[in-house]
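Okay, here's what each chain looks like letter by letter:
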Amino acid sequence: MRFLMNVVHDSTEPASDDEMAAIDAFNVVIEASGQRVMAAGLAAPSDSAVVDARGARSSVTTGPAVESDEFVVGFWVVEAADRDAAMMLAAEASQACHRKIELRVFL
């Protein structure tokens, strides 16, 4: 099964050197096990744009789709045997980056 692990945080400050080392080590482990599909960090919500082309005219709004104190700062897409295995990966990811992880299964 494929899962999205969103890294949720309340700051656009980059990870510390220790956090980056732990994230890199986590990436090595899940890459070696064949569980990592991809991973990336994301720009700040202020750098985003919302495009709505549902009507006769499309519109573009700068900034995030939803205002919130917390937002997605990065993500992993992983392969796991089941939800329990994915939850274990999410716990390891949270420990590595010292941030919350939102786990969602792909449909």
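Scroll up to find the structure.
As a convention, each chain's residues are numbered from 1 in the sequence order in which they are written. Given that the model is predicted, a residue must reach a pLDDT of at least 70 before its local features are reported, and side-chain atom pairs must reach 80 or more before they are shown or counted; all residues, however, enter totals for whole chains, interfaces and linings. Computation of side-chain values covers all heavy atoms of the structure but excludes hydrogens and water.

### Considering the layout of surface pockets
With a probe scaled to a water molecule rolled over the atoms, the places where space remains empty come into view.
Turning to step 1, where the next piece is worked out: Residues are called lining when one of their atoms sits within 4 Å of a cavity or pocket point, these points coming from a 1 Å grid over the protein atoms alone, where a cavity is a set in which a 1.4 Å probe fits but cannot get out and a pocket is an open set with protein on both sides within 12 Å along at least five of seven lines. Grid points are joined across faces, edges and corners, and a volume is the space filled by probe spheres set on the points. A volume near 390 Å³ is recorded for the largest pocket.
Turning to step 2, where the next piece is worked out: Lining the largest pocket are 25 residues, with V7, I23, G41, V73 and G74 positioned closest to its centre.
Turning to step 3, where the next piece is worked out: Of all the secondary-structure elements, those providing two or more residues to the lining of the largest pocket are strand 1 (2–9), helix 1 (17–32), strand 2 (36–41) and strand 5 (71–79).
Turning to step 4, where the next piece is worked out: The helix count covers DSSP runs of H or I at least four residues long, the strand count covers runs of E at least two residues long, and both are numbered beginning at the N terminus. The element best represented in the lining of the largest pocket is strand 5, accounting for 5 residues.
Turning to step 5, where the next piece is worked out: For this classification, Asp, Glu, Lys and Arg are treated as charged, while Ala, Val, Leu, Ile, Met, Phe, Trp, Tyr, Cys and Pro are nonpolar and the rest, including Gly, are polar. Tallied by class, residues from the lining of the largest pocket come to 16 nonpolar, 6 polar and 3 charged.
Turning to step 6, where the next piece is worked out: What the second largest pocket holds in volume is close to 260 Å³.
Turning to step 7, where the next piece is worked out: Across the lining of the second largest pocket, the residue classes tally to 9 nonpolar, 2 polar and 2 charged.

### Looking at the sheet that holds strand 5
Turning to step 1, where the next piece is worked out: Across the sheet, 4 strands lie side by side as 2-5-1-6; this open sheet has antiparallel pairing. Across the chains shown, the open sheet's two edge strands, defined by having one partner strand only, are strand 2 and strand 6 (100–105). Looking at each pair of strands side by side, their axes are set apart by 20 degrees on average, direction ignored.
Turning to step 2, where the next piece is worked out: On the sheet, helix 1 packs against strand 1, strand 2 and strand 5 and is oriented at approximately 25 degrees with respect to strand 5.
Turning to step 3, where the next piece is worked out: In what follows, a contact means two residues having at least one pair of non-hydrogen atoms within 4.5 Å. Think of each axis as a best-fit line through the C-alpha atoms, taken over the contacting stretch in the case of a helix, with angles from 0 to 180 degrees between the N-to-C directions. Its contacts with the sheet place helix 2 (residues 83–97) against strand 1, strand 5 and strand 6, and it is angled at close to 155 degrees to strand 6. What makes two strands pair is DSSP finding at least two bridges between them.

### Brief notes about the environment of R36
Turning to step 1, where the next piece is worked out: Residue position: R36 is located in strand 2.
Turning to step 2, where the next piece is worked out: For each residue, the accessible area found with a 1.4 Å probe, counting protein chains only, is set against the maximum for its type, and the residue is called buried under 20%, exposed over 50%, and partly exposed in between. A residue is classified by how much of its surface remains accessible, and R36, at 30% relative accessible area, is partly exposed.
Turning to step 3, where the next piece is worked out: Sequence separation between R36 and S58 is 22 residues; the distance between their C-alpha atoms is 36 Å.
Turning to step 4, where the next piece is worked out: Discounting chain neighbours no more than four positions away, the residues touching R36 are N27, I30, E31, W76 and V77.
Turning to step 5, where the next piece is worked out: Within the structure, R36 has its side chain in polar contact with the side chain of E31 (distance 3.1 Å). As used in this structure description, the phrase polar contact means that two N or O atoms lie within 3.5 Å; if the pair is within protein, one of them must be able to donate a hydrogen and the other to accept it, and residues adjacent in sequence are counted only when both atoms belong to side chains.

### Some remarks on the pairing of strand 4 (residues 59–62)
Turning to step 1, where the next piece is worked out: As judged from the 4 bridges shared by strand 3 (residues 49–52) and strand 4, these two strands associate in the antiparallel manner. Looking at strand 4, one finds that V51 is bridged to V60.
Turning to step 2, where the next piece is worked out: Where strand 3 folds back onto strand 4 in an antiparallel hairpin, the turn is made up of 6 residues.

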